[in-house]
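# Notes for the structure review
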Amino acid sequence: MGIVGNLNPEQLQSFHSQGYLVIESFSSPEELESMIKRMGHLLDGFDCSSTASVFSSKNQKQLTDDHFYDSVERISFFFEEKAFGDDGNLKQSKQLSINKVGHALHEIDPVFTKFSRSEKISSLLSSLGYKRPVIIQSMYIFKQPGIGGEVVPHQDNSFLYTEPASCTGLWLALEDATITNGCLWAIPGSHKNGLVRRFIRDEDGVHFDRPSPSFDHKDFVPIEVKAGSLVVLHGDLIHQSFENQSSKSRHAFSLHAVETDGCVWALENWMRRKVEPEPLYVS
Ligand code: FE2
């Protein structure tokens, strides 16, 4: 249907051997600016008193779970763990307290939809062999200076599982990502060892179906990239990021794609949609 892959054989070879690929200058400075500005606007309009109450309520777990589950088809704001003082109030402005915004910016907001449904995203997924891909979630990640929390080693297929597994992460650096402000780290080739565990939702909430194996820090390599670079992550790649202990933020916009042609969304996933997502293309 006219979708032509945009990865060359060297890039594909590198992706399949390493489990990730960096595409420099994937987005122009103007495109990055449009997304950063748009998020600033959304944040200005966000009334944090409503969500902050989630964290001080007696029914904290249920409310927190509901906020999380309901975010599937919304633009929802999530705070950094270290954003609140002992009194339950934010220690700094909301702009510097949000951990991420998820999980449907790509469907609801026109600026993020434009990027997410752009031809270059479709071409990329076509290169990777997707026949009828959907973007199942998006996240604007702030990695705030000083308090931006760590993301422990994981595989994206644990959270966004299809049978057979088909998730690919597309991680766009909106700002330079460095070792000091909390760039991605990954174990090259780890995707070849398959999926280690799954994140299951049941009547008790969410949990992993088995403990995490331990990883050797020496096996991880930093993926430092310039703003505008796109990092493509295989769904079975072990990756993580550390706390941002610098004074610079590290904004990123991430998309996760799954295949819907021949792959079935697992009912035990935390994410349960009321409305099926629109495929990017059908080939
Ligand atoms: Fe991830």
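### Considering the confidence of the model for the protein chain
A low pLDDT means the predicted coordinates there should not be read in detail. Confidence along the protein chain averages 92 in pLDDT terms, with 95% of residues attaining 70 or more. Confidence drops under pLDDT 50 across residues 53-58; counting only partners more than four residues distant or on other chains, this segment forms seven contacts.

### Some thoughts on the nonpolar core
In this structure, Y140, V232 and F253 are the most contacted members of the largest nonpolar core, which totals 40 residues. If we ignore the near neighbours within four places in the chain, the residues touching F253 are M35, L105, F112, F115, S116, S138, M139, Y140, L170, W171, L172 and L174. Residues W171, L184, V231 and L237 belong to the second largest nonpolar core, which totals 19 residues.

### Quick look at the coordination of the iron ion
Every protein donor of the iron ion is accounted for by H154 (NE2), D156 (OD) and H239 (NE2), and the metal-donor separations fall at 2.1 to 2.2 Å. Ordering the donors of the iron ion by residue number gives the pattern H-x1-D-x82-H. In this pair, H154 sits in strand β5 (residues 151-154) while H239 sits in strand β13 (residues 239-241), placing the two residues 85 residues apart along the sequence. The exposure class of H154 is buried, given its relative accessible area of 17%.

### Some remarks on the pattern of salt bridges
Applying the stated criterion across every chain yields a total of 11 salt bridges. Close ionic contact of E31 with K120 constitutes a salt bridge, the shortest N to O distance being 2.6 Å. Taken together, the residues span a long stretch of sequence, with E31 in helix α2 (residues 29-44) and K120 in helix α7 (residues 119-127) at a distance of 89 residues. With relative accessibility at 18%, the residue E31 sits in the buried group. The closest approach of N and O atoms between R210 and D209, which form a salt bridge, is 3.7 Å. Because the salt bridges share partners, they merge into one network encompassing E73, E107 and R273.

### As for the sheet that holds strand β2 (residues 75-79)
Read across the sheet, seven strands follow the order β1-β12-β7-β14-β4-β3-β2 without closing on themselves; strand pairing throughout is antiparallel. In the strand order of this sheet, the two ends are held by β1 (20-23) and β2, each with one partner. For this sheet the average axis-to-axis angle between neighbouring strands, irrespective of direction, equals 20°. Across five bridges, strand β7 (residues 168-173) lies against strand β12 (residues 230-234) in antiparallel orientation.

Cut-off values and rules
- Residues numbered from 1 in each chain as written.
- Predicted model: local features only at pLDDT ≥ 70, side-chain atom pairs only at ≥ 80, totals over all residues.
- Heavy atoms only, no water.
- pLDDT = per-residue confidence, 0-100.
- Contact = heavy atoms within 4.5 Å.
- Core = buried A, V, L, I, M, F, W, Y, C linked by side-chain atoms within 4.5 Å.
- Buried < 20%, exposed > 50% of the residue type's maximum accessible area, 1.4 Å probe, protein only.
- Donors = N, O, S within 2.8 Å, 3.2 Å for Na, K, Ca; no water.
- Helix = DSSP H or I, 4+ residues; strand = E, 2+ residues; numbered from the N terminus.
- Salt bridge = Lys/Arg side-chain N within 4 Å of Asp/Glu carboxyl O.
- Pairing = 2+ DSSP bridges.
- Axes fitted to C-alpha atoms, helices over the stretch in contact; angles between N-to-C directions.

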